[in-house]
Each structure stands twice: as C-alpha cells, then as structure tokens.
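As a plain string of letters, each chain reads:
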Amino acid sequence: MSSLPDSLNFPKEEKKILALWKELDAFRNCLKQSKGKPRYTFYDGPPFATGLPHYGHILAGTIKDIVTRYAHQTGHHVERRFGWDCHGLPVEYEIDKTLGITGPDDVKKMGIEKYNSECRKIVMRYSKEWEFIVSRLGRWIDFENDYKTLYPWFMETVWWVFKQLFDKGLVYRGFKVMPYSTACSTPLSNFESNQNYKDVTDPAVIVSFPLDESPDVSIIAWTTTPWTLPSNLAVCVHPTLTYVKVKDKSTGRIYIMMEKRLEALFKHEDEYEVLKRFQGKELEGKSYEPLFPYFAKFKEEGAFVVLTDTYVTEESGTGIVHQAPAFGEDDYRIAIAKGVIKKGQKLPCPVDDTGKFTSEVTHFAGNHVKDADKFIVKHLKENGRLVHSGTYKHSYPFCWRSETPLIYKAVPSWFIQVEKIVDQLLANNKKCYWVPEFVREKRFHNWLESAHDWAVSRNRYWGTPIPIWISDDFEEVVCVGSIDELEKLSGVRIKDLHRETVDSITIPSTTGRGELKRISEVFDCWFESGSMPYAQTHYPFEHKREFESAFPADFIAEGVDQTRGWFYTLLVISTALFAKPPYKNLIVNGLVLASDGRKMSKRLKNYPDPQQVVDKYGADALRLYLINSPVVRAETLRFKEAGVKDVVKDVFLPWYNAFRFLLQNVERFERENGSKFKYNESETLTSENYMDKWIVSFAQSLVKFMKEEMAAYRLYTVVPRLVKFIDMLTNWYVRSNRKRIKGETTNEDCLSSLQTLFDVLYTMIRIMAPFTPFLTELLYQNLKHLINFNPRKCPHTQSVHYLMFPEPNESLIDRDIENAVQRMQAVIELGRVIRDRKTLPTKYPLPEVVVIHKDEKFLTDVQHLEGYIKEELNVRCVTTASDREKYGVKLRAVPDSQELGRRLKNDFKKVADEIKKLTDEQLKKFEEDGKIEVAGITLGLGDIKVGYVFSGSSASQYEAHSDGNVLVLLDVTPDQSLLDEGVAREVVNKIQKLRKSAKLQPSDDVVIVYEVSGSARLNDIVSTHREYIEAATKQPLKRKGDPLSGQLVIEEKAPIKGISGSLLHLWIYKPMDGPSSDEPPNCLYCNVALLCDGTATYGTILLENPVGKNSIGTRNDLAKQIGLLFNLRDRKFHLSCADASLDSTFSPTSLHKRLVVVRVENDRTSEEILRRDISGPVVPFLNVSGDGDKVKGCVILKNPTNGVRISISSLKKLVRGITGFKTTSLSGKVVLAGAPFDDPTQVAEVYAAFLNL
C-alpha cells in the first residue's frame, strides 16, 4: 500500500497536511461554508508579541481550537480572530532595558515621540514566530483579520468605553496607596500585584519610640521594611488586646509591647519582668520622639502619636505597628481617620518615581529604598533606637513584568469605582457557566467579593492616552469619547491616538479657565484587553448590529491566573457598560509546570522547548497530552516529555495500525474478489456478528456521550473516553476479529467485518477531528475514496474538517451487548492477571477457566462470548457456575498492615489476629455491608484485603482472582499435549521475532528452515505441530536438507523455553521472483513498473484471460487495470513503453512481454532504478486448462510483487471462472515460497482437495 507506510513519521506527515490545508485554503473555506448558519461567538485573549509562546499559551490555544472546531462541526459559523496586546509595560520595559532608560527624566530628554517610535518597532517582534507556531500546532485562527490594541479604531473604542463609565459617575481621581513598580516607574492594580508572589528574606527590625511623658519607657514596633521608617508618622495598637510594660533584665530598659508577642523579643520568661498590664486603648494619644528629624514638623499637626485599630494582630511582630501613611494602605486609612493627615494634604513621601530616596532624606538620598535598608538599620543602631535586628522569610509581591520587588506608595491615580458595583459583579458571575465550576464559586467569587476600586491610569508613555482634559485647578474636567468629539471640542482632526499626537491638543474652557490640557497618564493595558469585545469590531462606530446580536460571547478560555486578570476586567467593564456578563461559557485551565514542580524557567532550562517537542513527536501528540491531563480541570500539570511520547506509542500507533490494517484488507478483498469496496454512509449497518454489534454500539454511545459532554464544555471527561475507545477498537475489536477481517472465514463475514471496522474508524476520525486535526486529516485523505457520500449531508468532502459531527444513531446502541462484552473483558483481564502471577505466558494453553457469578444473565453473556475468552486466554474450555463452594473456594482475610498499623498503633497486633480468624460467612457479609466490627473497632473495605483460598483437590488445580464482582478460576495444571502446544507456540514466536528482526513485512513470502539439536522431544513437537506452525506463520516450514531455492535473509540459533538443553536453529530464505520453469504463461501479458517516491514497484497485467477472451486493447482499459493493481484511484499517472506505442487503442500482442512504466504525476523518480533483467512475468502464476484443453488461462498468485498472496478460496473462484468447472490439468511450477504449493503435483493435490475433484 503506497499511501500508508509501515511506520509513520508523524511530524513529517503533519507538515504535508499543513501544505494540503494551504492548498485547499481550508480554514477560509470552512468560514465560507458556514456563512448563514447560527453564529457562535468566541473571544481570544490577546497575548503580547514581545515573547515567544510557551506551554501555557499552547494549552489555552488547544482548548480554544478544539471548542471552536467542534462548534463549526455542529453547524455554527465561528469567526476566530487573533488579537495582540501591543501596549504597556511588557513593551516599555524591553525598550528601557535596551536604551538604558532609568526613569521619567531619561524619557523626557529623549522625547515621547521617539520613545514611542522605539516601542512601535518591537511590538510585533515575534509575530511571525507566533503565527508559525500557532499554525504548526494545528490551530485555525484568522491572523489576517486580527486586532491590535494599537490600531486607532481599537483605541477609539477604548475611549468610548471609558467615556460611558465617566458619564455613569464611575470614574474619579484619588490619592491612594498602590502597589508600585520602581523598575517601571508606575503604579499597578491590585490584581496585577497579586500575579507574582515570591518567597524572600527581608531584614526584620524592632525599633524604639520613647514616650514624651516618660522618655525612659519606649513603645517598640517591628517592621520588615526599614526603608519606610524615615517616613514614620505614628504607631498603632489594637484597642482591646492586652499590652504590658516590661523590664528587660539584661539591659534594664523598659518597653511596651503586646503580651502575647513577648516571644518576639525574649526567649525565656526569666529574661524580663512584667511591670504592668493594660488594654491597648490606654495608649491612644500618647506622643513619642520621632525616629528621624526629616518630618518632625508634622508633630505640631498631630503626628508621632499612638493610634488604635483592630487590623493589628497578635500573630507577628510586637503587636505594635509603625505607620508610614505614604507607604501602607492601612497606614493611610488610619492616619486619615484619626486626623494625623488630612485629605489633599501633601504626604511625607520622600521616594521618587524610580524608588530612590529624595533629598528630603538627607542621610540616604539617591539610594534605592531596598538598597538603603542596611544603611538605615546601621543608623538606628548608632543612635540607640535599634532594639533587635534579624531576618524574616515571607511571600512578597514582585512586578509581573520586571521581576523586581514592588513597594506600596501613595500616588494620584484615576479609578473605576468597582466597589460600587460588586453586587452586580457577583450576580453576573452567577449567570456564567464555568468549567470547572469551583473556580467560579470559590476563587473568582471570593476575588469579586473583596474587589477594590480599579486604578486604570499608568504614569507611562506607550499606551492609549486617558481621554481626560482638565483645567489647571482640576475644577473643569472633560472626558472625550471619540475622534469626532475631540475634533468638535478642539478643532483638531487626528488619525493616531498615541501621546505624541494628542498630548499637545488643548480644549478651550467653557468656564473661563483658559485651555484644558490632557492629563499625562495612559490606560492600564488590562483596561484595553478588557475592552476587546467592543474594540475588536470598532463598536459602536461600526458593526453595531452584528456586535449586539452576538454579545455576550458564547465561549472564552484562559489560564486560572486570569481570574484576577482578563476574566475580571472583562466582567467589570461589561457589567459597568451593559449590566450583563461578557461571556456565557468559560473554560479555565491550570498551570503547566516543569517536571520538577517548579515554574518553567529559561534560566534554569528545566523544560523542553515546545518547538522541539513538536518536531520530535508532532503537534497532535502534544495537544492530546495536554488535554488529557489534570490541567484541563484547573489543576497543575508537571510537564514530562515522556508523556507526549507515550501518546504516540499508546494511542496514535495502535490507531494508525488499525487503520492501515483495514485498508490493507480492503485492497486484498478487492483484488481477490475483483470488485470495489464501497462504504455507504447513508446505510445503517446490519451485521449479525456479536462483536460487530458491540463495537458499533460502543461507537454510537461514545458519539452520544461526546455530544452531551461537549455541550457542557467538559473536555476533561471527553478525552479519556476517546482514548479508551481507541483501546477498545485496537486491543479488543481488531485483535479478536483479525481472521474475519483478513478473509480467513467467508466472503460475507469478511465484508461484514470490513464494513464494521470502516464505519467505526470513519466515525472516530470525525469525532476526533477537533482534538487531533492532523492525524484525522491524514487518515481521512486515505479513506474518502472508499465512501459513497450523501451530497445533502456532505456537500464538501475535500477535508475531514468540512464534515459535520456525526449524530448518534440510538437504534444501534445496545447496552446489553456492551455490558456483555464488558463482562467478557473482565473475565479475560482477570485470567491474564492469574497467568502473570503464575508466570504462565498466554502461548501455553491451559485446560479450563471457570467463571463464577450469582447472576445468571452474567453467566449467559459469558457463554455467548466464550469463543473469544478461549482464544484470548488460550484455554480449551470455559465453564460457568454460580456456586463457588462447589470448587472449594472460601474467602480469606488479611489486614492492610500499612493502613491499619498507622491508625491503630499498639492495638494493631490484636486486631490483625482477629481479622485472620474471620469466617467465610463473616467476610461475605463484610463485602455486602462495606464494614465490620473486629475486636471492638469498626473497619472498612480499605482496612482488610479479602482473597481466596481453596480446599480439597482444587487447592493445587486452580488459581483464583476477582475484581469484587466476578470470580475467575484458572486451571493451572496443563497436560503433556497442552505443554507441547505451548512449545509449538514458542517456536512460532521465535519465527515471528526473527522475521521482525529481518524487517520483513507480513506480505513478504519466505521459506522457513529449521534444525533441532539437543532434544528429541523438541524435534517431535515441531514435526507434530508443523501444520499449526505453518498456519500461524502463513509460510512453509522445511527441515534442514529439504530441497529449496532462494536467498538467505537471516538466521538464528536459540534455546526454547520449557525444554532444557534444546537448541532451535532457524533460517529464513526469500525465494527468487518469477517461475523457475521455462513454461511461459498461457496468456498474453505485460509487466508494469510503478515509479513513485524514489522506488519501483513491479506487477504483471494479463492482456487476456482465458486465452482469446477479455482482451485489453485500449489505453483506458490498461490504465484502469493498473490503477486497481497499484491502488491509484484518485491519483493522476502517465503510462509509457519504450518498445511499443501506447495509442488509445492497440493490439494486445504489441505489448506482450513488454515493460510498461507507470509514473505518478509530478513524481521525479529516475528510470535508472528500473530492472533490466526481466524475462517472463515478475509475479508467480499458475497455468490452468479445462474442457479437454479447449480453455486455457492463467491465475496470478500474488500481484504486485509486494502484495499479498491470494487465498485458496480466491484460487478456487478464479480457476472456476476460467475453466468452467471442468478442470482437467494444472501445470506451471509455483516457486514463490509461502504459497501453499511447491510443485505441480502439490498444486494438483491442494487444488483437488479444495474443489473435491
């Protein structure tokens, strides 16, 4: 079979499929074909193109591709547009690193226009790589009709969105302590700061604050941020918890701290003396000496006092918290509430935009705050204010872009009032369907419940400018919602909306305040991505009706980290705009980690490059590995390359081999029967075979299950069932029906099994198409020529992805048959376990298997399928019974030592002894109830292991095993004849392994020669079982010394298991092609050579048969026969003959004995590889005659040379057709080894035996 090789290079084949899709323009054709169908709306979250895709992107992309492909296959029109996040920190941070920019002053010197120009250059740095990788992974998405957040029409919609929120009163400017990135010189939102926590070790210091009223008494506070101490304005205690005045016995100093936190300073009670106990509120209002002089003037305004608040805990520190309102959210809140500072008042905030101390802090000016910690600690020590110094390991937020520690800093920002709409957010969240649901109910719900107002402004440059123009006194504020509105207000028409364009535009004041200027901030890039449902279509300026009819989206998907990112911003903006959620269905995937459980890191190189994995195993294997893992249930996956390899080995290869096996036997069936095989998809299968009914029912049940589960977006239940089906098909159906499929029963039975196998494989290809788009396309392209399509159901058949998802045919679902086969499989699996336990390979036959079950229906099902049980377990007899006592089987219990030992400790021995004494009746009841009381302790099923024990004669005869439902007994006492048969199977095994070592194909005819030494018994066994060995290997077996001709391929000498001292010497010969006698064929013939893919394949065409009849005299007739011979159905090819003219008509005699060269269109294989030594037919033949030699003809026994021999039944049919059933002679020597005849006499004998002449 030229189109499907023995072994498949999956990555190489995938590249061919990509070329096919490109040639077909498959994705766009899908969209054209689905125009007018119900719309299915999908939003794609925009990634940044400043980095390459990682496994997280690949996973989310695969989920999106599967769901949207499935939506198309179920009759929907699915637009899939790729989006790019082009603004914000990821781009700016790259430019800052490249250009050495350290802060706003550097940008100011450079100029915003030039800075943004540099940003624009790298925005799409890796866009081509993204497009290549995404396409290589089989994802169909529109890159040409993409959206980018830098497009002016996208930015204009972002303005419109903000204007709507502004008009609703949801926008305000506030002074708030925010997470702040000193590396990027900008505040971050709360959800951004929660994205990247790391464990760090910080300095931990306790410092003293001497009370003004008693300078010898100091309040002591603990902090892990010494850099905030220069800005201290107060300390805070809990009002109702107990505090103590203590004397440090070692120094004589007196401190005030929380009683429950004494351990923070003292290791033992004898190190201190408690002088007084009191509640924290007694300290309120007491003033103290400032740590540093920088902001001492604030003391006159009420600073440097003790405050109270319940946020102080008894879990860490000294129970007293130092307050720096400019650098702590709670600090700021309490200071405002207690009047230490006033709203609008300038705060002590001596840290610039880059995180360095300003000149206000004279001792540490110019130092980055984190670097200044050590200098501050030293200064405190020198000035007698340091009580204790150490370190503290804790989890701390880092900038998600620069990977530098964040600080908290009071900055003016523009906010969206999220807290005002929290109830609406929670209500809309409940309207959405999440998979898995617990992420919505817990993680996302909890996040929404405690949502803060969203700071959407960033003090940056490369982004969508916030469209607010203000007067110098902030009293007049104008928010602009479109380019037209800006032109109307300012008189300036613009095409680009970036800062270099809009910053210089002013709007005349309507209240006499001169010119309004735009604020300098740009939008948080999350505001842009949260606006993408509207901005990607330029709503409401264009496509208004289309958007409104398709909103909210039917489906979105991203990683679990987006619960605080994109999922959140989408919901906030949609709720604020339209009071409804932006999506209906959402799949959340977990995180992909390195195999060691750590985050994937380029620096650590702890994960394989995705492109290399795809190049090695293929995109389909990577897709299925990711989808069939815990990560689809929002859990973490430890990525292991071996897992991708296992998908190829355990799923794709068995599936491919089953498919190849089908097509090989379809070709054989066509060749032997002279008719074409066709599958009619409109006809319902009517096979009466039990296993045919089972696999068809199983397939239809799978289709029904998939429809239900995909409707619920539960990919994590679908993929395991798909993988299980492949196992059922390859390891159960194909394996147990090989003889039927190979035509070794009857023609009708063979056709029935082929139609069944074709039907389930065709079904499987269509339902797997969204999951493994490449392999299903490859198989479909090799399958479609055999299908009679229904034009109404399948108007487009060029690609498997044009076909619709099959509807389940419930009339073919038979639960009884599925249950029966499941029971058969259980029996076989239990029998295999027993064989493994007793080290009895399946090739050694055993006398009997006994199946014991109380349910008569169970036993009847086993009886119906006992033939399969016999074959799979290699037993002579299957016995069913309902009474285990008849076989002397009793239950026996032993304790689970590990589980019970850990739980019961000292009581274990007593309970274990009692467990061993439990009777058969007690254990029976235990299995029914699931619990039992032993020695006063209630035990469950996990505490006791129940096994079986035999009594009487059965003790040595049987071995038992059970799955808790059915009990299987295997007779493990084979007699001598069974042992001999096992040895014969071992010989077959040796031969087949030797054939495999020689890289021989099943269709390769060989002669097997053997010689036995060291064992007369082995010699007798091989002689006695010769017919069985020949039937199993489908090759003739000869003794050493028997006459033969051919070329030695391989030889081996090896011992045989079970017979000590024996040696079996095997030789495998390949015979010479063609007849060895000089007798020519009765008929005119020509040889043909197919040139394709660098090789030449040979065959023979009979130009008449019988003599004088059925002549081939036209080019079309010859091409038709050649096409059938080489299976060139849908492929164009050309014919040529060096010694004869191939006109449209010709005389058969003109081609007699000639070589016709067949070349597939566009193939470049050279004719230099053609054989020049051909004399006579290149294939084995048999001359036949009948009716007193009046009728003469010829039977070709194998065609082409690499084909499969015809069966005896086909030989009978062909000879009858030629001779009219009156055969009088058979002549011609058949020398092709492996045919069931070696000389004319044997031919006659075999033929006579089969025809009963």
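One can find the structure itself at the top, above this paragraph.
Rules behind the numbers
Residues numbered from 1 in each chain as written. Predicted model: local features only at pLDDT ≥ 70, side-chain atom pairs only at ≥ 80, totals over all residues. Heavy atoms only, no water. Helix = DSSP H or I, 4+ residues; strand = E, 2+ residues; numbered from the N terminus. Expected span 1.5 Å × (residues − 1). Buried < 20%, exposed > 50% of the residue type's maximum accessible area, 1.4 Å probe, protein only. Polar contact = N/O pair within 3.5 Å; in protein donor to acceptor, adjacent residues only side chain to side chain. Pairing = 2+ DSSP bridges. Salt bridge = Lys/Arg side-chain N within 4 Å of Asp/Glu carboxyl O. Axes fitted to C-alpha atoms, helices over the stretch in contact; angles between N-to-C directions. Parallel < 35°, antiparallel > 145°, perpendicular 65-115°, else oblique. Left-handed = near helix turned anticlockwise from the far one by under 90°. Contact = heavy atoms within 4.5 Å. Nonpolar A, V, L, I, M, F, W, Y, C, P; charged D, E, K, R; others polar. Phe/Tyr/Trp six-rings, centres within 6.5 Å; stacked < 30°, edge-to-face > 60°. Lys NZ or Arg CZ within 6 Å of the ring centre and 35° of its normal.

Draft legend 1. A look at helix α23 (residues 690–711). Taking 1.5 Å as the rise per residue, α23 with 22 residues should run 32 Å; its terminal C-alpha atoms sit 32 Å apart, in good agreement. The buried fraction of α23 is high, at 16 of 22 residues. Sitting at the amino-terminal end of α23 is N689, which places a side-chain oxygen 2.8 Å from the backbone nitrogen of M691. Two residues or fewer past α23, Y713 is found with a positive phi of approximately 60°.

Draft legend 2. The pairing of strand β11 (residues 305–308), seen in detail. Residues of β11 alternate between two faces, with V305 and L307 on one and V306 and T308 on the opposite face, all of them buried. Relative to β11, strand β7 (residues 234–237) runs parallel, the two being bridged by four bridges. Residue pairing in the sheet places A234 in a bridge with V305 of β11.

Draft legend 3. Molecular detail of the pattern of salt bridges. Taken as a whole and judged by the stated rule, the model has 71 salt bridges. R740 serves as the salt-bridge partner of D749, at 3.0 Å between the closest nitrogen and oxygen.

Draft legend 4. Structural context of the packing of helix α24 (residues 715–736) against helix α26 (residues 747–768). The contact between α24 and α26 brings their axes to 12 Å, and the two run at 165°. Classed by the angle they form, the pair α24 and α26 counts as roughly antiparallel. Considering the relative orientation of α24 and α26, their crossing is left-handed. Here L722, F725, I726, L729, Y733 and V734 of α24 come into contact with α26, specifically with S753, T756, L757, V760, L761, M764, I767 and M768.

Draft legend 5. Seen up close, the packing of helix α22 (residues 641–673) against helix α27 (residues 773–781). For the pair α22 and α27, the least separation of the axes is 11 Å and the interaxial angle reads 10°. Regarding the angle of α22 to α27, the classification is roughly parallel. On the side of α22, the interface is formed by F652, W655, Y656 and F659, while α27 contributes L775, T776 and L779. Considered class by class, the residues forming the contact of α22 with α27 number six nonpolar, one polar and no charged.

Draft legend 6. Representation of unusual backbone geometry within the structure. Cis peptide bonds are those with omega within 30 degrees of zero, and the linkage from Y539 to P540 qualifies with 0°. The amide bond that connects N1105 to the next residue, P1106, takes the cis arrangement and shows omega of -5°. Positive phi is not limited to glycine here, since D25 has a value of about 50°. Counting through the fold element by element, D25 comes out in the loop between α1 (10–24) and α2 (26–33). Judged by its relative accessible area of 35%, D25 falls in the partly exposed class. Here N1110, not a glycine, exhibits a phi torsion of approximately 55°, which is positive. With respect to the element layout, N1110 can be found in the loop between β42 (1095–1102) and α38 (1115–1126).

Draft legend 7. Layout of the packing of aromatic side chains. What the rule picks out here adds up to 52 aromatic pairs. Taken together, the aromatic side chains of W160, Y534, Y539, F547, F551 and F578 make up a single cluster linked through ring pairs. Positioned above the aromatic ring of F705 is the side chain of R721, whose terminal nitrogen or guanidinium carbon lies 4.0 Å from the ring centre.

Draft legend 8. Up close: the sheet that holds β7. Taken in spatial order, the three strands line up as β11-β7-β12 in an open sheet, and their pairing is mixed. What marks the edges here is a single partner per strand, and that holds for β11 and β12 (320–323). Recorded for the sheet is a direction-independent mean angle of 30° between the axes of neighbouring strands. Examined bridge by bridge, β7 and β12 share four bridges and lie antiparallel to one another. Each residue of the ladder has a partner; that of V237, found in β12, is I320.

On their own, these measurements won't tell you what the molecule is for.
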